[in-house]
Amino acid sequence: MVQTSQIHSNAKPLQGVRVLEFCQIAAGPFAGMLLADYGADVVKIEPPEGDAMRQWPPVKEGMSENFASLNRGKRSLSLNLKDPKDLARAQALILQADVVLENSRPGVMNRLGIGPDWALAQKPSLIYCSISAFGQTGPRGQEGGFDVTIQAASGVMSVTGEPDGAPVKCGVPIADFTAGLYAAFSISAMLTRVRAGGPGGQIDVPMFATSLAIAALQTSEYFGTGRDPKALGSAHPRNAPYQAYRAADDYFVIAAGNNKLWASVCEVVGLPALRADDRFATTTLRAQNQTALKGLLEEQFAKRNAADWVKAFQDAGVPCSPIQKYSQALQDPQAVHLQLVNDQQLPGHQTKTVGCPVWLSGQPVAVDTSVETLGQSNDQEQPWRSL
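Residues numbered from 1 in each chain as written. Predicted model: local features only at pLDDT ≥ 70, side-chain atom pairs only at ≥ 80, totals over all residues. Heavy atoms only, no water.

Caption draft 1: Structural view of the overall build of the protein. Each helix and strand counted, the protein has 15 helices and 15 strands in total. Projected onto the principal axes, the alpha-carbon positions of the protein cover approximately 75 × 45 × 40 Å. When each of the 387 residues of the protein is scored for burial, the buried share is 44%. Here the contacts in the protein between residues at least 6 apart in sequence split such that 68% fall between residues at least 24 apart. Mean positive and mean negative side-chain charge positions of the protein (33 and 36 charges, respectively) differ by 3 Å. (Helix = DSSP H or I, 4+ residues; strand = E, 2+ residues; numbered from the N terminus. Buried < 20%, exposed > 50% of the residue type's maximum accessible area, 1.4 Å probe, protein only. Contact = heavy atoms within 4.5 Å. Lys, Arg positive; Asp, Glu negative; His and termini not counted. Charge placed at Lys NZ, Arg CZ, Asp CG, Glu CD.)

If you want it as structure tokens, here you go:
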């Protein structure tokens, strides 16, 4: 690993860190991409048939845009880990790496001979991060899982969707990406210990647990009341008006989470008497009576189009928004200002991708948007940028 003193002050935070990624689909590749965005040197080991996401549409000129969105800035090695020669190469790369990232079922990497038991015995300073459905140990440790099954198991689906509606998952695969975020954060935290002269070790990231961990408001509601939180559609269990409302032509959202904003809502909709209604005197009471409140507000909202109401609430300082599609969100003036959309040259065609959303020292993090074809770096004796 490059010593801190060797890294220039304007270099990316993880410059000089070598990451070896044995991951497919989403959670692990997302974690690897986050590390690459911050400057880590990431080499992705794929099976001979490639990461399964390479086949996910849209596919243009042989390259999946889904795959590209999670694997930028990495080099690709195609290895058959059951072949002794390829396994030996993987072992050599592990001993050169600072971080190993994998998302196989527990035990698979040890059976191959490149698991944490072997790797940490050979190199105690190594950080070995394992992402799995339920963790490396425990009664469900050997179970597999995908985003939707983890959303179901962790409680997320129980609070998603309309009341009394069919179970639905969150439209964004939050179980996958939450696990990836926790993995990248934990690796970065462990790197500070290793850089200070401490040991490495294994990081165990269970998707089930990380999905429960981000549900702090829902679990604390259960702990505090003994009752399971319920699906409320776009509404909030403790705030109102705080949801999507129907206007004359479309839906829009307002979020008036305190009494000052509530007063502004009453003024904008032309119903000042609501401020004196005992049902709506406090935030808690408004939440308890939000069905009745929604009916009263939507009677007014039906008189004008959604864009008119959004403009009126914006002028009054009430947080609000139209329900934007991704085509609209990506062209939002704030997305433009934040420079979120980056050009991406893929093998055979040009596209775009969402870059790193974080700014450092007043500038967006510049990312390497290149994506290698399967095994593109196989012929390189050393796939690392530098040793």
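Caption draft 2: Examining the packing of aromatic side chains more closely. The final tally for this structure, using the stated rule, is 10 aromatic pairs. Ring pairs connect the aromatic residues Tyr-245, Phe-252, Phe-301, Trp-309 and Phe-313, which therefore count as one cluster. A cation sits over an aromatic face here: Arg-304 above Trp-309, 4.5 Å from the ring centre. (Phe/Tyr/Trp six-rings, centres within 6.5 Å; stacked < 30°, edge-to-face > 60°. Lys NZ or Arg CZ within 6 Å of the ring centre and 35° of its normal.)

Caption draft 3: Local environment of the pairing of strand β9 (residues 242-246). Looking at chain direction, β9 and strand β10 (residues 251-255) are connected through 5 bridges and run antiparallel. Opposite Gln-243, over in β10, you have Ile-254 as the bridge partner. Between β9 and β10, which pair antiparallel and follow one another directly, the connecting turn spans 4 residues. (Pairing = 2+ DSSP bridges.)

Caption draft 4: Just the layout of surface pockets, in detail. In this structure, the largest pocket occupies an estimated 1,300 Å³ of space. Together, 44 residues line the largest pocket, and Phe-30, Ser-69, Leu-70, Phe-177 and Val-354 are the ones closest to its centre. Contributions of two or more residues to the lining of the largest pocket are made by α1 (27-37), α2 (65-70), α6 (147-153), α7 (174-195), α14 (326-329) and β13 (349-354). Broken down by element, the lining of the largest pocket gets its largest block of residues, 6 residues, from α7. Taken together, the residues that form the lining of the largest pocket break down as 30 nonpolar, 7 polar and 7 charged. (1 Å grid on protein atoms, 1.4 Å probe; cavity = no way out; pocket = protein on both sides within 12 Å on 5 of 7 lines; lining within 4 Å. Points joined across faces, edges and corners; volume = space filled by probe spheres on them. Nonpolar A, V, L, I, M, F, W, Y, C, P; charged D, E, K, R; others polar.)

Caption draft 5: Local environment of the sheet that holds strand β11 (residues 320-322). Taken in spatial order, the 3 strands of this open sheet run β9-β10-β11, and their pairing is antiparallel. Strands at the two margins of the open sheet, each flanked by one partner only, are β9 and β11. When the angles between neighbouring strand axes are averaged without regard to direction, this sheet yields 20 degrees. Contacts from helix α12 (residues 290-301) reach β9 and β10 within the one sheet, and its direction differs from that of β9 by about 40 degrees. (Axes fitted to C-alpha atoms, helices over the stretch in contact; angles between N-to-C directions.)

Caption draft 6: The packing of helix α10 (residues 259-269) against α12, seen in detail. Relative to each other, α10 and α12 sit at 40 degrees, their axes nearing to 10 Å. Between α10 and α12, the crossing angle belongs to the class labelled oblique. Where α10 approaches α12, its residues Trp-262, Val-265 and Val-269 are matched on the opposing element by Leu-293, Leu-297, Gln-300 and Phe-301. (Parallel < 35°, antiparallel > 145°, perpendicular 65-115°, else oblique.)

Caption draft 7: The sheet that holds strand β8 (residues 201-206), seen in detail. What the 6 strands build is an open sheet, ordered β5-β2-β1-β6-β7-β8; its pairing is parallel. Either end of the sheet is taken by a strand with one partner, and the two such strands are β5 (74-78) and β8. Strand-to-strand twist in this sheet, taken as the mean axis angle between neighbours without regard to direction, amounts to 20 degrees. The sheet contact formed by strand β6 (residues 99-102) and strand β7 (residues 127-132) spans 4 bridges and is parallel. Following the sheet pairing, Glu-102 is matched in β7 by Ser-130. The sheet strands contacting α1 are β1 (18-22), β2 (41-46), β5, β6 and β7, and the helix crosses β1 at an angle near 165 degrees. With respect to the sheet, α7 is in contact with β6, β7 and β8, its orientation differing from that of β7 by roughly 165 degrees.

Caption draft 8: Examining the side chain of Thr-178 more closely. Checked against the element boundaries, Thr-178 lands in helix α7. On the basis of relative accessible area, Thr-178 is assigned to the buried category, the value being 9%. Apart from the residues lying within four places of it in its own chain, the contact partners of Thr-178 are Thr-210 and Ile-214.

Caption draft 9: Local environment of empty space enclosed by the protein. Enumeration over the complete set of coordinates arrives at 1 cavity of 30 Å³ or more. As a volume, the largest cavity reaches approximately 40 Å³. Lining the largest cavity are Lys-44, Glu-46, Arg-54, Phe-67, Asn-71, Lys-74, Arg-75, Ser-76, Val-371 and Glu-372. When residues of the lining of the largest cavity are traced back to their parent elements, those giving at least two are β2 and β5. Looking at the lining of the largest cavity, the element that brings in the most residues is β5, giving 3 residues. Residues belonging to the lining of the largest cavity are distributed by class as follows: 2 nonpolar, 2 polar and 6 charged.

Caption draft 10: Inspection of the side chain of Ser-377 at higher detail. Of note, Ser-377 is situated in the segment after β15 (363-364). Excluding residues that lie within four positions of it along the chain, Ser-377 makes contacts with Arg-75, Ser-76, Leu-77, Arg-89 and Glu-372.

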